[in-house]
Each structure stands twice: as C-alpha cells, then as structure tokens.
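Listed below are the residues making up each chain.
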Amino acid sequence: MSRTRSPIVTIDGPSGSGKGTISRAVARRTGWHLLDSGALYRLVALAGATAGLESVDERGHGEIAASMDARFGSAPDGSERVWLDGRDVTEAIRSEGAGQGASRVAAWPAVRAALLGRQRAFARSPGLVADGRDMGTVVFPGADLKIFLTATPEERALRRHKQLKDKGSDVSLPALSREIAERDLRDQTRPVAPLRPASDACVIDSTGIKIEAIVGRVLELMTARCLWP
Ligand code: C5P
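In what follows, the accompanying structure is described. In this text, all values refer to a predicted model and were calculated from it rather than measured experimentally.

Cut-offs applied
Residues numbered from 1 in each chain as written. Predicted model: local features only at pLDDT ≥ 70, side-chain atom pairs only at ≥ 80, totals over all residues. Heavy atoms only, no water. Near = heavy atom within 4 Å. Polar contact = N/O pair within 3.5 Å; in protein donor to acceptor, adjacent residues only side chain to side chain. Areas by Shrake-Rupley, 256 points an atom, 1.4 Å probe, with all protein chains shown as cover. Helix = DSSP H or I, 4+ residues; strand = E, 2+ residues; numbered from the N terminus. Nonpolar A, V, L, I, M, F, W, Y, C, P; charged D, E, K, R; others polar. Expected span 1.5 Å × (residues − 1). Buried < 20%, exposed > 50% of the residue type's maximum accessible area, 1.4 Å probe, protein only. Arc of directions from axis to C-beta. Contact = heavy atoms within 4.5 Å. Pairing = 2+ DSSP bridges. Axes fitted to C-alpha atoms, helices over the stretch in contact; angles between N-to-C directions.

1. A closer look at the site of the ligand
Taken together, the neighbourhood of the ligand is formed by 16 residues, with R42, R112, D134, R183 and D187 sitting nearest. Taking R42, its side chain carries an N or O atom lying 2.6 Å from an oxygen atom of the ligand. Taking R183, its side chain carries an N or O atom lying 2.8 Å from an oxygen atom of the ligand. For the ligand, the protein covers 96% of the area, taking 460 Å² as the surface of the free molecule. At the level of elements, α2 (37–50), α4 (96–105) and α8 (173–189) are the ones that each hand at least two residues to the shell around the ligand. Here the shell around the ligand gets four residues from one element, more than from any other, and that element is α2. Split into classes, the residues belonging to the shell around the ligand amount to four nonpolar, four polar and eight charged.

2. A short note on α8
For α8, spanning 17 residues, the distance from its first C-alpha to its last is 24 Å, which sits close to the expected 24 Å at 1.5 Å a residue. For α8, every residue scored as buried is listed here: L176, I180, R183, D184 and D187. Looking straight down α8, one finds its buried side chains confined to an arc of 100 degrees; they lie on one side. Exposed side of α8, more than 90 degrees from the buried face: P174, R178, L185 and T189 are the residues found there. Considering only its buried residues, α8 is in contact with α2, α4 and α7 (153–166). Taking the backbone nitrogen of A175 as reference, a side-chain oxygen 3.2 Å away marks S172 as the first, capping residue of α8.

3. Things to note about the sheet that holds strand β3 (residues 70–74)
Within a sheet, adjacent strands bond to each other through the backbone by hydrogen bonds, running parallel or antiparallel. Strand order in the open sheet formed by three strands is β3-β4-β5, with antiparallel pairing between adjacent strands. A single partner strand is all that each edge strand has here, and the edge strands are β3 and β5 (87–88).

4. A word on the sheet that holds strand β2 (residues 33–36)
Taken together, five strands build an open sheet; the order of strands is β2-β6-β1-β7-β8 and the sheet is parallel. Taken across any chain shown, the strands that pair with only one partner, and hence form the sheet edges, are β2 and β8 (202–205). Across the sheet, the mean angle separating the axes of adjacent strands is 20 degrees when strand polarity is ignored. Pairing geometry for strand β7 (residues 145–150) and β8, over four bridges, is parallel. Residue pairing in the sheet places T150 in a bridge with D205 of β8. Lying over the sheet, α2 contacts β2 and β6 (128–132), oriented at roughly 40 degrees with respect to β2.

Shown next, in the form of structure tokens:
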C-alpha cells in the first residue's frame, strides 16, 4: 500500500505506565523521531510560572503555548536536553510538581489547541513515535499503530518513585501515590482530550513485564503492519 505521509506510532497511557521509556526505546531501535508531548505541557506550565501568570489564566497560558521557543535536542555527551526560550530546563520540567502544573494547564482548550500544530509538525520521515495521553485519539487519529499502555496504580507509583529517586528527588511513596492518583483522575475526567484508549488501540498491560519485552511486542506489531523494518 502506498503511503502519502510518514508512518506514525502512538503510545498513550497514564503516568508511570512506562510509555516514556518504551517510546524512547522504540524510537532508538527504529531511528524514528520522538514526540514527548508531556514535555510540551510541562514547558507551558513552567513558562507560565516564570512569567508570573496567575495559575487560573487560561488565555495567558494559551498565548505562551503558541509563542514559547521550545527546543528538543542533545548535549555534547549525547544526553537528551530541553530548552525553553534558550534556557536548559531539562531537570526543571521533570519534577512531580512540574507534572502537576502540566496536568492543570493541559485541561484548558486554549493550551491544547495552541499545541496541536506544534505536535503534528513532529511527524517527519522516516517516522514518528508519539508519546502522550491523546496521541491516538486527538493529535494523530489516523496513526498507523496505536498502543495504550497500562499498569496497576501500585506499580506505576513504584516506577515513578524510582525514577524520581534516581534523579536525586526525595519524595515519599505514599505522597507520590496520592499525587499520581490525583493527576490521573484530572487527566481522565477533563472534558477536552481526556486520557482514554482510542477505539482502535492495542491495550498492553505492562504490570510485571520487563521493558525489553514490551518494546519487542511494539516492534512486532510494527512489523506486522509493514511499518518497520
Ligand atoms: O507524560 P507527562 O507525565 O510528562 O505529562 C504531564 C502532564 O501533561 C500529564 O499529566 C497530562 O495532564 C498532560 N498531557 C496531556 N496530553 C498529552 C501529554 C501530557 O494532557 N498528550
């Protein structure tokens, strides 16, 4: 079948489902581009706070989403970096606080609308792996393969806890579990682009399964659909 655009694989799911790690691994193995859409929402929240915007200012955050200078790339040592208006904010956007801020601004239609074009611009040859909450439902509804990753709330909290600890953040597991539950509820119940699997998504439960096995499953699905290699 001939294709008129580059292939797209979407990987959606709640926080701690492993979608970030798996999306990165799939992008690395295939040589495709990666869209970490959560980072865009985290950047909007950070830029809003830096500009001193009221946390309830939807229009102001929408303007920031449209105009911020967000860049994704790597440092000379090969590590992934994110810059906001020329400032390296890689670490600043990764805290659970930044995730909470992102989840608040992500509920606003003005912010989501302003980020739509930016996200779609990531779809380039040879292909795109798009990681987020609404990649398969709203941003790339015509994607060639849609994955929805889940895991039990206990396992997701443990994974996020380990990730944050590895980054030097001292956060208690019970507090983190509460924050994740709150963020998931907000993401699932918002009226615009709520977190849910697309009707044509392959749902994969990652509880107790090694990352490599899930990456292997996604690659198999890509091969079965003639997307790769
Ligand atoms: O994936 P990550 O944890 O970085 O996302 C942070 C927040 O950004 C999520 O809790 C969610 O509210 C929001 N988000 C979203 N849509 C996406 C990606 C992230 O609403 N596609």
